[in-house]
Every structure is written in structure tokens, then in C-alpha cells.
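# Chains, contacts and geometry: an overview
In case you want the letters, here they are:
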Amino acid sequence: MSNTVEKHDGAALDKTMSKTKVDSSQDNSVMGNEIYGETAEYDDNISRADLEKQKTAQGEAHFHRLGWKRLTIILIVEAIALGSLSLPKAFATLGMVAGTIVSVGLGLLAIYTSDVVGQVKLKFPEAAHYADAGRLIAGRFGYELIGAMFVLQLVFLVGSHCLTGTIAFGTIVDIKSTGTCSLVFGGVSAVILLILAIPPSFAEVAILGYIDFVSIVVAIGLTIIATGIEAAKSPGLHNVAWSAWPKEDLSFADAFIAITGIVFAYSFSICQFSFMDEMHTPADYKKSIWALGLIEICIYTMTGALIYAFVGPDVKSPALLSAGTTVSRIAFGIALPVIFISGSINTTVVGRYIHGRVYKNSIIRYINTPQGWATWLGLVFILTVIAFVIAEAIPFFSDLLSISSSLFVSGFTYYFPPIFWYMLLREGPVWAPHNRVKAVLNLLAFIVGIVVLVGGTYSSIVDIMHNYRDGNVGSVFTCKPIG
């Protein structure tokens with residue numbers, strides 16, 4: 001009986017212990033789940049913070065890879081395009097002497113104002129784009145005003161390159177004989193500009209810059225050689241009717257259109273803040289602007305003077321068209337990389353400005369996440385479509401571009417930098433001994449900028465009126481050959 005009682009008690013004890021064990025197990029399970037859930041949530045928060053830090057570090061590293069040599073190439077891509085082949089026409093209007101003086105003088109002045117822009121960027125590293133410099137001198141109003149000028153000018157430039165691509169393709173395939181609608185080539189040009197603008201980093205674009213530079217040098221060289229050979233054959237180099245002096249009966253509007261053409265050729269400072277923001281050593285910018293400035297002065301002056309000397313007063317713009325039908329088609333083919341690479345970088349610059357402004361406090365701005373890439377690709381697409389539509393829908397787009405350049409580029413290159421110097425960089429009184437040379441240079445740049453602003457805008461408006469009067473204004477979305 002004792003054994004029976006012991007067994008019963010033992011069974012009861014085992015049952016009790018078993019129940020206790022189960023309850024304890026259930027409690028531990030519940031507690032364990034709570035602890036696990038809290039730990040998982042905590043780990044998730046940590047991983048998100050770590051991911052953001054990682055993406056931010058990657059983004060900062062990715063967008064600070066630009067050295068001064070690559071910056072020089074990027075500036076060349078942005079600054080030297082087929083517009084350089086319009087300079088012989090400017091020389092034909094101004095004459096060899098005035099053309100050379102204006103080309104060299106404005107080039108040296110542009111180097112100085114670009115140096116001022118670089119000094120502002122070094123003193124205020126937070127100025128990532130030209131609009132940010134506007135905030136420094138005029139608060140929110142300056143930021144919004146210069147930002148709007150910045151976006152409009154760059155979008156117009158993309159549209160201009162789209163039209164230039166249409167002209168190039170039309171010349172290469174001889175659109176007049178094939179009867180192909182020019183809108184087709186406009187669409188192809190827009191697609192190429194879109195694809196080339198996809199890389200968001202300027203360091204990546206610099207790789208294409210080498211192709212761009214070789215392309216423009218070869219295209220210009222071929223044009224100079226071809227026009228020189230043609231002139232040697234007939235009427236002979238000594239019989240070409242070029243002149244050292246301005247053409248007869250030169251109107252104010254014609255003279256200013258020629259001058260503004262040279263002014264706009266040196267408009268490389270508009271994107272300088274954006275480019276310098278990617279430099280790993282921003283203080284090296286001086287090497288880049290001097291290298292670019294001297295290269296531009298040499299290319300522009302030699303191109304303008306030599307082709308004008310070979311062709312004479314009847315030189316066309318762009319000068320490629322003065323090299324004969326066959327050579328023009330070859331030269332335009334060689335120049336295609338210039339047209340599209342130089343055009344696409346404007347999309348990249350304005351896209352980076354808008355994207356960085358919208359996603360200022362988010363890792364999306366680094367364009368290294370799915371959402372970052374999706375928003376970037378969408379923005380590039382929208383900008384390219386807008387540029388294409390504006391260029392095709394406005395019958396007097398070329399003249400509109402001249403007006404916008406007179407209004408905006410005159411400021412970005414010439415009259416804004418003196419304001420920056422006076423308000424942000426000047427140390428002591430303006431006419432203090434250490435400021436006198438700088439004061440004179442800045443005053444000269446400011447005067448040039450204001451004169452171009454007023455005279456260039458007036459001349460462009462007069463040109464539009466003359467084109468309407470003479471029936472030279474095209475139609476909207478035309479299939480007719482352009483150029």
C-alpha cells in the first residue's frame with residue numbers, strides 16, 4: 001500500500017511538474033517571441049540607419065571623384081561645340097582685326113570671371129549650383145531668380161543641340177533628295193541625348209569627353225583644310241576677299257549679333273559650380289579654367305581667322321557648310337559626338353540641380369537606390385521631351401535662344417561674377433591698393449555683361465522682326481529640311 005501511495009504521489013508530482021514545465025515553456029515561448037520581435041525591430045532600425053549611412057558614404061564618394069584634368073575635359077565638353085564653327089561668320093562681319101581682338105579679349109576676361117566663380121565655391125562649399133550663389137547675394141529671391149535662369153538656359157541649350165542633330169542628320173543623308181521628314185531625325189536626336197544623359201556623375205561623362213574633344217578638333221581641322229584647298233584652287237589664296245576691317249554698311253544689330261556669338265562661345269562658367277561640387281580637390285580648379293580658356297582662345301581665334309581668310313565674306317554658319325557638299329557631310333558625321341555629348345551634359349547639370357533640390361534631405365539624391373534611379377530616369381526623360389517640344393514647337397526657336405543667351409549667359413559669364421566679388425570676396429574698400437586691379441577687371445566684366453544684355457537682346461528682337469518680315473520663320477513641327 002505504501003508503494004501504491006508513493007506511486008500515486010509520484011505520478012501527481014510528475015503531472016504537476018510536467019504542467020509547470022509546460023506553463024513555463026509557454027511563458028518562455030511568449031517572452032521569447034516578445035524578445036525576438038523587439039530584437040528584430042531593433043535590428044531592423046539599426047540596419048536601416050546603417051544602410052542610409054552606407055548609401056550616403058557611397059554617394060559622397062561617387063560624386064567626389066573629379067580631378068582637375070577630368071574637370072578640364074568636362075568644361076571642354078560643355079563649352080566647345082559646333083558653335084565654334086559660327087565664329088568665321090562673326091569674323092566676316094567684324095573684320096579680321098576686330099574679330100581677333102574681341103575673341104582674345106573676351107576669352108581672357110571669361111577666364112578671370114570664371115576664377116571669381118571658383119573663389120566663391122571655395123569660400124562657400126555649400127554652393128552646389130549657380131542658383132546657390134544667387135542665394136548668397138540676394139537670399140531666397142536670388143536663389144529662385146538665378147535658378148529659373150539656370151534651368152531655362154540649359155533646357156534651351158538641350159533643344160538647340162536637338163535641332164543641330166536634326167540638321168546634321170539631314171545633311172549627312174541629304175534629306176532634300178530622300179524626302180525624309182526632319183521630325184524623324186529630331187526624334188532620333190532626342191533619344192540619343194536622353195541615353196547619354198543617364199549617367200548622373202560628371203566623372204563618368206568625362207570618359208565621353210575625350211571622344212567629344214577629338215571629334216570637334218577633327219571636324220574643325222577637316223573644315224579648315226578643305227576650305228584652304230578649295231581657296232587654293234579657285235580663286236587662289238591671294239584673291240580671297242577677306243578684310244581686316246568691318247564689312248561695309250554694318251548695322252548695330254548685325255555687329256552685336258556677331259559679338260554676342262563670340263560672347264556665348266566663352267560661356268563655360270554657367271556650370272562651373274555644379275562641376276566643382278564633384279571635385280575631390282576643388283582648389284585645383286584654376287588649372288582647369290586656364291587650360292580650358294587658353295584652348296578655347298586658340299581654337300576660336302584660329303578657326304574664325306583661318307576659315308574667314310580661306311572663304312571670304314560669303315562664309316556660312318556653321319562653317320562646315322562652306323567646305324563643299326561631300327566634305328560637309330563627312331565633317332557633320334565626325335561632329336556627331338560633339339553635338340550629342342555636349343548637349344547631353346546640359347541635361348545632366350539641370351537634372352542634378354532639380355533632383356538635388358527636390359531630394360535635398362534624402363539618400364535618394366545620391367541616385368544609388370531603386371527609387372533614386374527611378375526618379376532620375378524620369379526626370380531626364382521629362383527634361384529631354386520638354387527640350388525637344390520647345391525646339392520643334394517654337395518657329396523662331398533659334399532667335400529665342402539668342403534672346404535667352406543675351407539675358408542669361410551675359411549674367412552667368414560677365415555681370416554676376418563682379419557682383420560676387422564685391423559682395424562675397426572683397427576685402428576692405430574697393431579702391432584699396434590691393435583691390436585696384438581686381439576692381440578694374442570686375443568693373444570691365446560688369447560693363448561688358450550689361451552691354452551684351454541690352455545690345456544682344458535688342459539685336460535678337462530686331463532679327464526676329466526681320467525674319468517675320470522676310471517670311472523666314474518656319475512652321476510648328478515641320479517636316480521640311482532645317483538649316
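Below or above, wherever it landed, is the structure these notes cover. (Residues numbered from 1 in each chain as written. Predicted model: local features only at pLDDT ≥ 70, side-chain atom pairs only at ≥ 80, totals over all residues. Heavy atoms only, no water.)

## A word on the overall build of the protein
Counting its secondary structure elements, the protein contains 15 helices and zero strands. Taking all 483 residues of the protein together, the buried fraction comes to 47%. Considering only contacts in the protein between residues 6 or more positions apart, those separated by 24 or more positions represent 85%. Here the protein displays about 22600 Å² of accessible surface, and carbon together with sulfur accounts for 66% of that area. (Helix = DSSP H or I, 4+ residues; strand = E, 2+ residues; numbered from the N terminus. Buried < 20%, exposed > 50% of the residue type's maximum accessible area, 1.4 Å probe, protein only. Contact = heavy atoms within 4.5 Å. Areas by Shrake-Rupley, 256 points an atom, 1.4 Å probe, with all protein chains shown as cover.)

## Quick word on the packing of helix H5 (residues 130-172) against helix H13 (residues 370-393)
Two elements in contact, H5 and H13, have axes separated by 8 Å at closest approach and are oriented at 65°. Regarding the angle of H5 to H13, the classification is roughly perpendicular. As for the relative orientation of H5 and H13, their crossing is right-handed in sense. Residue-level contacts link Val-155, Phe-156, Val-158, Gly-159, Cys-162, Leu-163 and Thr-166 of H5 to Leu-383, Ile-386, Ala-387, Phe-388, Ile-390, Ala-391 and Glu-392 of H13. Tallied by class, residues from the contact of H5 with H13 come to 11 nonpolar, two polar and one charged. (Axes fitted to C-alpha atoms, helices over the stretch in contact; angles between N-to-C directions. Parallel < 35°, antiparallel > 145°, perpendicular 65-115°, else oblique. Left-handed = near helix turned anticlockwise from the far one by under 90°. Nonpolar A, V, L, I, M, F, W, Y, C, P; charged D, E, K, R; others polar.)

## Brief notes about the packing of aromatic side chains
Taken as a whole and assessed by the stated rule, the structure comprises 17 aromatic pairs. With 5.7 Å between their ring centres and 40° between their planes, Tyr-130 and Phe-420 make a pair best called tilted. With Tyr-130 in helix H5 and Phe-420 in helix H14 (residues 397-425), the pair connects residues that are 290 residues apart, well separated along the chain. Residues Tyr-130 and Phe-420 agree in their burial class; the two are buried. Measuring from ring centre to ring centre gives 5.1 Å for Tyr-266 and Tyr-300, while their planes differ by 75°; the resulting arrangement is edge-to-face. You can see Tyr-266 sitting in the loop between helix H9 (252-265) and helix H10 (272-276) and its partner Tyr-300 sitting in helix H11 (residues 285-311), a full 34 residues away along the chain. (Phe/Tyr/Trp six-rings, centres within 6.5 Å; stacked < 30°, edge-to-face > 60°.)

## Points about a nonpolar patch on the surface
A cluster of nonpolar residues, Phe-381, Ile-382, Val-385, Ile-386, Val-389, Val-476 and Phe-477, forms a patch on the protein surface that exposes about 570 Å² of accessible area. Looking at the secondary structure, you find Ile-386 in helix H13. (Patch = residues over 30% accessible without salt bridge, like charges linked within 9 Å, V, L, I, M, F, W, Y side chains within 5 Å. Salt bridge = Lys/Arg side-chain N within 4 Å of Asp/Glu carboxyl O.)

## Details of the side chain of Thr-113
In this fold, Thr-113 is placed in helix H4 (residues 96-123). Ignoring anything within four residues of it in the chain, the contact list for Thr-113 reads Thr-413, Tyr-414, Pro-417 and Ala-445.

## Structural notes on H13
With 24 residues, H13 ought to run about 34 Å at 1.5 Å a step, and its terminal C-alpha atoms sit 34 Å apart, in line with that. For H13, every residue scored as buried is listed here: Gly-372, Thr-375, Trp-376, Leu-379, Val-380, Leu-383, Thr-384, Ala-387, Phe-388, Ala-391 and Glu-392. (Expected span 1.5 Å × (residues − 1).)

## Points about the layout of surface pockets
Here the second largest pocket is characterised by a volume of approximately 770 Å³. Along the wall of the second largest pocket there are 27 residues; nearest its centre are Glu-126, Ala-128, His-129, Asp-132 and Asp-277. Mapped by element, the contributors of at least two residues to the lining of the second largest pocket are H4, H5 and helix H12 (325-358). In terms of residue class, the lining of the second largest pocket is made up of 13 nonpolar, four polar and 10 charged. (1 Å grid on protein atoms, 1.4 Å probe; cavity = no way out; pocket = protein on both sides within 12 Å on 5 of 7 lines; lining within 4 Å. Points joined across faces, edges and corners; volume = space filled by probe spheres on them.)

## Some points on the state of the cysteines
Across all of its chains, the model carries one disulfide by this definition. Here Cys-181 pairs with Cys-479 through a disulfide, and the sulfurs are 1.9 Å apart. The sign of the S-S torsion, about -80°, decides the handedness of the disulfide formed by Cys-181 and Cys-479: left-handed. Linking Cys-181 in the loop between helix H6 (175-178) and helix H7 (182-196) with Cys-479 in the segment after helix H15 (436-470), this pair joins segments that are 298 residues apart in sequence. Residue class for Cys-479 comes out partly exposed when judged on its relative accessible area of 42%. (Disulfide = S-S within 2.5 Å.)

## As for the environment of Tyr-300
Under the relative-accessibility criterion, Tyr-300 is labelled buried at 1%. Between the C-alpha atom of Tyr-300 and that of Ser-86, which follows or precedes it by 214 residues, the distance is 9.5 Å. If we ignore the near neighbours within four places in the chain, the residues touching Tyr-300 are Ala-79, Ile-80, Ser-84, Leu-87, Phe-91, Ser-103, Ala-265 and Tyr-266.

## A look at the pattern of salt bridges
A full pass over the atoms with the stated rule returns six salt bridges. Of the charged contacts in the structure, one is a salt bridge between Asp-115 and Lys-286, with a shortest N-O distance of 2.7 Å. Residue Asp-115 is found in helix H4, and its partner Lys-286 is found in helix H11; the two are separated by 171 residues along the sequence. Given the relative accessible area of 13%, Asp-115 is considered buried. Residues joined by salt bridges that share partners form a network here, namely Arg-140, Glu-144 and Arg-357.

## Some words on the nonpolar core
One finds Tyr-130, Phe-275, Phe-412 and Phe-420 to be the most contacted residues of the largest nonpolar core, which totals 107 residues. A total of 14 residues in this core trace back to one element, the largest contributor, which is H5. Those residues in contact with Phe-275 that sit more than four places away from it in its chain are Leu-66, Leu-71, Ile-74, Leu-75, Glu-78, Phe-202, Ile-345 and Val-349. (Core = buried A, V, L, I, M, F, W, Y, C linked by side-chain atoms within 4.5 Å.)

## Observations concerning H11
Relative to the 39 Å expected for 27 residues at 1.5 Å per residue, H11 spans 38 Å between its end C-alpha atoms, a close match to the ideal helical length. Once H11 ends, the next one or two residues include Gly-312, with phi positive near 95°.

## Some words on the side chain of Ser-114
Topologically, Ser-114 is positioned in helix H4. Within the structure, the side chain of Ser-114 is placed 2.3 Å from the side chain of Gln-272, a separation counted as a polar contact. Ser-114 has contacts with Phe-268, Ser-269, Gln-272, Tyr-285 and Ile-289, leaving out every residue within four places of it along the chain. (Polar contact = N/O pair within 3.5 Å; in protein donor to acceptor, adjacent residues only side chain to side chain.)

## Notes on the environment of Ile-80
Secondary-structure assignment places Ile-80 in the loop between helix H2 (68-79) and helix H3 (87-94). In this structure Ile-80 comes out as buried when scored by relative accessible area, which is 0%. Spatially, the C-alpha atoms of Ile-80 and Asp-212 are 9.1 Å apart, while their sequence positions differ by 132 residues. Ile-80 has contacts with Leu-75, Asp-212, Ile-216, Leu-292, Ile-295, Glu-296, Ile-299, Tyr-300, Val-338 and Ser-342, leaving out every residue within four places of it along the chain.

## Some points on the environment of Trp-373
Along the chain, Trp-373 falls in helix H13. With relative accessibility at 34%, the residue Trp-373 sits in the partly exposed group. As for Trp-373 and Ile-198, which are separated by 175 residues in sequence, their C-alpha atoms are 9.4 Å apart. Not counting the four nearest positions on each side in its chain, Trp-373 is found in contact with Ile-198, Pro-200, Ile-367 and Asn-368.

No statement about biological role is implied by the geometric values presented.
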